[in-house]
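# Secondary and tertiary structure notes
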Amino acid sequence: MFADEIVVNIRKIMKEKNLTQAVMAENMGTSESQFSKMLNGKVQLSLWQLENLARNLEMREIDIITYPQRFVEESVAKSEPVEAVLQIKLKKEKKDQVLKLVFGDKNIEILNK
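As the structure is a prediction and not an experimental result, all values here were calculated from the model. (Residues numbered from 1 in each chain as written. Predicted model: local features only at pLDDT ≥ 70, side-chain atom pairs only at ≥ 80, totals over all residues. Heavy atoms only, no water.)

Before going further, it helps to examine the side chain of Asn52. As for its position among the elements, Asn52 is in helix H4 (residues 47-56). The class for Asn52 is buried, based on a relative accessible area of 14%. In contact with Asn52, not counting residues within four places along its chain, are Asn27, Met28 and Gly29. (Helix = DSSP H or I, 4+ residues; strand = E, 2+ residues; numbered from the N terminus. Buried < 20%, exposed > 50% of the residue type's maximum accessible area, 1.4 Å probe, protein only. Contact = heavy atoms within 4.5 Å.)

The subject of this paragraph is the pattern of salt bridges. Tallying each qualifying case throughout the model produces two salt bridges. The closest approach of N and O atoms between Arg60 and Asp63, which form a salt bridge, is 3.2 Å. Since its relative accessible area comes to 33%, Arg60 is described here as partly exposed. Between Asp63 and Arg70 there is a salt bridge whose closest N-O contact spans 3.6 Å. A relative accessible area of 4% places Asp63 in the buried class. (Salt bridge = Lys/Arg side-chain N within 4 Å of Asp/Glu carboxyl O.)

Attention shifts here to the packing of helix H1 (residues 2-16) against helix H3 (residues 32-39). Between H1 and H3, the shortest axis-to-axis distance is 10 Å and the interhelical angle comes to 120°. If you check the angle between H1 and H3, you find them oblique. Listed contacts from H3 to Val7, Ile10, Arg11 and Met14 of H1 are Phe35, Met38 and Leu39. Residues of the contact of H1 with H3, tallied by class, amount to six nonpolar, no polar and one charged. (Axes fitted to C-alpha atoms, helices over the stretch in contact; angles between N-to-C directions. Parallel < 35°, antiparallel > 145°, perpendicular 65-115°, else oblique. Nonpolar A, V, L, I, M, F, W, Y, C, P; charged D, E, K, R; others polar.)

Dropping the structure here:
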């Protein structure tokens, strides 16, 4: 059930952030006994409680639902440029071999200038 998965995620967040039930209940805007009942499946989690919890933990509701994975909008993910820099320290003769392999024999003189 979907609500049960969210409760499991809330338990993970509690454990990973070392938060007590009292702190979590306060963050949700509910009593500690109600929070305990919610963890045990006796009371349903409301959307406003989820919203309060997310705001107080500086998270988004979707990130609690998908925890520990974070939801990233497709447009944001695509707009981030991907760049990688690789630095390898080689002796001169090995450097020349690698440059020839990557750039070919004709371009090696240009790179060494």
